[in-house]
Amino acid sequence: MFRLILKLAWKNAFLRLSRTLLVVIMIAVSMSMMLSIQGIYDGMTSNLIDKTKRSDCGEISLYNSHYRLNKNLDNVIKDAKGIEASLNERPDVQAVVRRLSVDGLSATARKSAFSSVVGIELDDEIAFGRFDQFLVDGKLELGKRGALIGKELAKTLKVHVGSKVIFSTQDSSGEINAMALKIRGIMQTSMVLDRSALYVDRRHLERFLGVSDTVATQIAIRTESSTLQATLQKAYPQLSVMDFLELNPMLKQMQDMMHIFNSITFFIVILVVFIGILGVMYVSVLDRIREFGIMRAVGMEYKYIRREVLLEALFVGVVGYVVGAILGLLSLLYLHHYGLNLSQFSEGLASFGLDTVLYADISPIYFINTFLAILSASLLSVLLPLRKIKHLNPIEVIKAET
Amino acid sequence: MIQLTDVQKYFYRGESREVHALKNINLTIEKGEFSLLNGPSGCGKTTLLNAIGALDSVDSGKIYLDEKEITTLSEDERTLLRLNEMGFVFQSYNLVPVLSVEENIGFIMKLRGFDDDVIKNRVHEVAELLEIENKLQSLPNTLSGGQQQRVAVARAVASKPKIILADEPTANLDSKNSIALMNMMRRLNEEEGVTILFASHDEYVIESVRRIIKLNDGGIVED
Ligand SMILES: Nc1ncnc2c1ncn2[C@@H]1O[C@H](COP(=O)(O)OP(=O)(O)O)[C@@H](O)[C@H]1O
Ligand SMILES: [Mg+2]
């Protein structure tokens, strides 16, 4: 019996091939577009998050609890070297860096800009977040007077590789001091740092500022542990231990917004699927209203007819899903490997810390969610057509023939 | 086997354009009959046939099928009664277009839950009787009208219903096909003992049946 119904559903779904194909294509195209958009949106956010983690705060960052309100050299982490060493011992910590950062004014002969000089240890940064990959021009080296500069800041100051920059700031004794730096390379990292950062050798900066080599303004940690933050806060109550999202409320907002965009796209596509299947099923049922009337007349129970129509809608939905999933996966794979080149909008994107080529994320969740939604849309879409059959009076149908 | 007592049927009951479609019908159909409801168009043949076939309700009177009253059944019970006890042949052939001839003939048996082997044997048996055994794998729309109507008869007869109700089965057929169909139905009646009740005003049907029940204006005028 079930086999007969299955066969009826299958054959009917593909009897009106062009109509069914139209809906299948409609589902497949809208679905694969949605998958691509989702992948790009997610890729965009995770790219930003990834870069910010790698170049700046990791998953967790430690500061002196007064530092974020008042960034002066009184508010440094005093025993940063010791803390760094003991963090490196922990198995749940993947990498640690400590940085010494100070705000001041960078100037060339013609331009000047507020900026931060960040004292780093190049090898540690490479281990921490593949710092070398952020280099877009010049060489990755610091030396005694060398500096790497954020791309946007370089633009503001109109400097390039080889230019000289004077950075002046207050040292630990309160004196205004200046150092001359030579730009060795240009870095493209995350939004804030691109606009403000000059990277120099940490030891050089320590000496310039007259601080001990055990202090730091920030200790950043890479980890996969979700409990590490609480543990560290307990271990270092005098410091503020902050996780990525606390440190980057903007990115959290952006993530939420992308989630809303994705939900809206998803909803629209599912609506399209719903209307598509509803349309094709409605017309198909109306076309066969006599057939259903005769089936009722000869004694076929309504539940079997309902099952047949349901299966028919499912066929259309599932075939659409499969084609859409294949197209979507291909498109996502392409966007994952080759990216979406948005160079004509690159100015705007880069100022957000985004790359001009966006790479898509691929997650099985996309496919599972879409499958469930298309399944539900198919099942819901037959409610209206089925009402037509349910209230069908077989005598009227038979009479209509004469 | 089928007994009707004082059956009345109105359309638009109580309204100004009320139609008294069946007037006080008393009728008995015995097992094995090969009979015809005859009369001019609009005299109530279809209405009476539908009432007997549990397709339509009546307003008063009783209809019994083997001692079982069918006038009081619910919609769902009537559906099952039609499936298990009745066979229908309509003016147009009403085959399922996506199923082969073989599947169409076996359709009702399948709905009734017969085994596939039983269905296959029975389908071949009736197909042979109706001379469509070489068309079993075809789709209905590749057949002529006469062949399609024979498939419809085969479908009705295959599950061995108590009675086959045939409403104007020859109306869409030419004379040659009409005569052929009536001959085959008569053979089914004789060889398998199926009870068949026609509703028709077609001369070929009149010529071949054994009993004619004449209706006029909703009442039986001659038997
Ligand atoms: N559904 C209906 N609504 C109103 N009148 C109907 C309906 N069905 C049949 N009738 C009327 O009942 C009478 C008998 O119709 P019918 O049984 O179809 O006649 P026949 O089959 O003998 O041509 C006719 O007058 C017809 O107009
Ligand atoms: Mg009629």
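The rules we used
Residues numbered from 1 in each chain as written. Chains lettered and ligands numbered in written order. Predicted model: local features only at pLDDT ≥ 70, side-chain atom pairs only at ≥ 80, totals over all residues. Heavy atoms only, no water. Helix = DSSP H or I, 4+ residues; strand = E, 2+ residues; numbered from the N terminus. Rg over C-alpha atoms; globule rule 2.2 N^0.38 Å. Buried < 20%, exposed > 50% of the residue type's maximum accessible area, 1.4 Å probe, protein only. Contact = heavy atoms within 4.5 Å. Areas by Shrake-Rupley, 256 points an atom, 1.4 Å probe, with all protein chains shown as cover. Lys, Arg positive; Asp, Glu negative; His and termini not counted. Charge placed at Lys NZ, Arg CZ, Asp CG, Glu CD. Pairing = 2+ DSSP bridges. Expected span 1.5 Å × (residues − 1). Arc of directions from axis to C-beta. Buried area = accessible area lost by both parts, 1.4 Å probe. Salt bridge = Lys/Arg side-chain N within 4 Å of Asp/Glu carboxyl O. Polar contact = N/O pair within 3.5 Å; in protein donor to acceptor, adjacent residues only side chain to side chain. Nonpolar A, V, L, I, M, F, W, Y, C, P; charged D, E, K, R; others polar. Phe/Tyr/Trp six-rings, centres within 6.5 Å; stacked < 30°, edge-to-face > 60°. Domains from an automatic or database assignment. Axes fitted to C-alpha atoms, helices over the stretch in contact; angles between N-to-C directions. Near = heavy atom within 4 Å.

J.: Whenever I open this one, the overall build of chain A confuses me. Can you help?
T.: In terms of helices and strands, chain A carries 16 helices and 12 strands. Relative to the globule expectation of 21 Å for 402 residues, the C-alpha radius of gyration of chain A, 31 Å, shows a markedly less compact shape. Dimensions of chain A, computed from C-alpha atoms along their principal axes, come out at roughly 105 × 45 × 30 Å. Across the 402 residues in chain A, those meeting the buried criterion constitute 51%. Intrachain contacts of chain A at a sequence separation of at least 6 include 78% that bridge at least 24 residues. On chain A, roughly 19000 Å² of surface is accessible, and the fraction owed to carbon and sulfur atoms is 61%. Charge centroids of chain A, computed over 44 positive and 38 negative side chains, lie 8 Å from each other.

J.: Just to check I follow, could you spell out the side chain of Ser190(A) for this structure?
T.: The residue Ser190(A) is located in the loop between strand S7 (176–187) and helix H6 (191–196) in this model. Once residues lying within four places of it in the same chain are set aside, the contact partners of Ser190(A) are Thr52(A) and Ser55(A).

J.: I tried to follow the sheet that holds strand S4 (residues 60–65) of chain B on my own but got confused; where do I start?
T.: Where strands meet in a sheet, backbone hydrogen bonds hold them as pairs that are either parallel or antiparallel. Residues and elements named next belong to chain B. An order of S2-S1-S4-S5 is seen for the four strands of this open sheet, with the pairing classed as antiparallel. Strands with a single pairing partner mark the edges of an open sheet, and in this sheet they are strand S2 (19–29) and strand S5 (68–69). Bridge count for strand S1 (residues 2–11) against S2 is seven bridges, and the pairing is antiparallel. By the bridge assignment, Phe-11 is partnered in S2 with Val-19.

J.: Can you help me understand helix H14 (residues 364–381) of chain A in this one?
T.: The periodicity of an α-helix, 3.6 residues per turn, causes residues three or four positions apart to be oriented the same way. Residue and element names in this part refer to chain A. End to end, H14 covers 26 Å across 18 residues, agreeing with the expected 26 Å (1.5 Å per residue, within 8%). Within H14 the residues assigned to the buried category are Tyr-366, Phe-367, Thr-370, Ala-373, Ile-374, Ala-377, Ser-378 and Ser-381. The buried residues of H14 all sit within an arc of 135° when viewed along its axis, so they share a single face. Buried positions along H14 lie against helix H2 (17–57), helix H10 (249–287), helix H12 (302–337) and helix H15 (383–390).

J.: Teacher, can you tell me more about the interface of chain A and chain B here?
T.: For interface size, the figure often reported is the accessible area lost on association. Across the boundary between the two partners, chain A contributes 24 residues, which contact 23 residues of chain B. Here chain A packs against chain B, burying approximately 2300 Å² in sum over the two surfaces, 66% of which is carbon and sulfur. Notably, a salt bridge pairs Glu103(B) with Lys7(A), separated by 2.1 Å at the nearest N-O pair. Inspection of the region where chain A meets chain B yields five residue pairs in polar contact (both at pLDDT 80 or more). For the side of chain A that touches chain B, the elements supplying multiple residues, two or more each, are helix H1 (2–15), helix H11 (289–297) and helix H16 (394–399) of chain A. Sorting elements by how many residues they give to the side of chain A that touches chain B places H1(A) first, with seven residues. When grouped by side-chain class, the residues that make up the side of chain A that touches chain B number 13 nonpolar, three polar and eight charged.

J.: Looking at this structure, how should I read the packing of aromatic side chains?
T.: Here the distance between the centres and the angle between the planes together describe a pair of aromatic rings. Residues and elements named next belong to chain A. On inspection of all chains with the given rule, the structure shows nine aromatic pairs over all chains. When the centroid spacing of 5.0 Å and the interplanar angle of 80° are considered together, the rings of Trp-10 and Phe-315 count as edge-to-face. Remark: Phe-315 occurs in helix H12 and Trp-10 occurs in helix H1; sequence separation between them is 305 residues. Here Phe-131 and Tyr-199 contribute two aromatic rings whose centre-to-centre distance is 5.1 Å and whose plane-to-plane angle is 75°, an arrangement assigned as edge-to-face. Placement of the pair is Phe-131 in the loop between helix H4 (122–129) and strand S4 (135–138) and Tyr-199 in strand S8 (residues 197–201), with a sequence separation of 68 residues. When its relative accessible area of 2% is taken as the criterion, Tyr-199 is described as buried.

J.: Looking at this structure, how should I read the domain arrangement of chain A?
T.: With domains assigned, chain A is organised as domain 1 (2–52 + 251–401) and domain 2 (60–223). On a C-alpha basis, the centres of domain 1 of chain A and domain 2 of chain A stand 51 Å from each other.

J.: Any chance you could explain the sheet that holds strand S9 (residues 211–216) of chain B here in plain terms?
T.: All names here are of chain B. Spatially, the six strands line up as an open sheet ordered S6-S7-S8-S3-S9-S10, and their pairing is mixed. A single partner strand is all that each edge strand has here, and the edge strands are strand S6 (86–89) and strand S10 (219–222). Taken over all neighbouring pairs, the strand axes of this sheet differ in orientation by 25° on average, direction set aside. Summarising the sheet, strand S3 (residues 34–38) and strand S8 (residues 195–199) pair through four bridges and their orientation is parallel. Residue pairing across strands places Leu-36 opposite Phe-198, the latter belonging to S8. Contacts between helix H5 (residues 145–158) and the sheet are confined to S6 and strand S7 (163–167), with S6 contributing the most and set at about 170° to the helix.

J.: Quick question: what am I supposed to make of the site of ligand 1 here?
T.: Taken together, 14 residues sit near ligand 1, with Lys399(A), Gly42(B), Lys45(B), Thr46(B) and Thr47(B) positioned nearest. The environment around ligand 1 is built from residues contributed by chains A and B. Here Cys43(B) contributes a backbone N or O atom positioned 3.3 Å from an oxygen atom of ligand 1. Thr47(B) is positioned with one of its side-chain polar atoms (N or O) 2.5 Å from an oxygen atom of ligand 1. Here the shell around ligand 1 takes three residues from helix H1 (residues 45–52) of chain B, the largest share from any one element. For the shell around ligand 1, the per-class residue count stands at six nonpolar, five polar and three charged.

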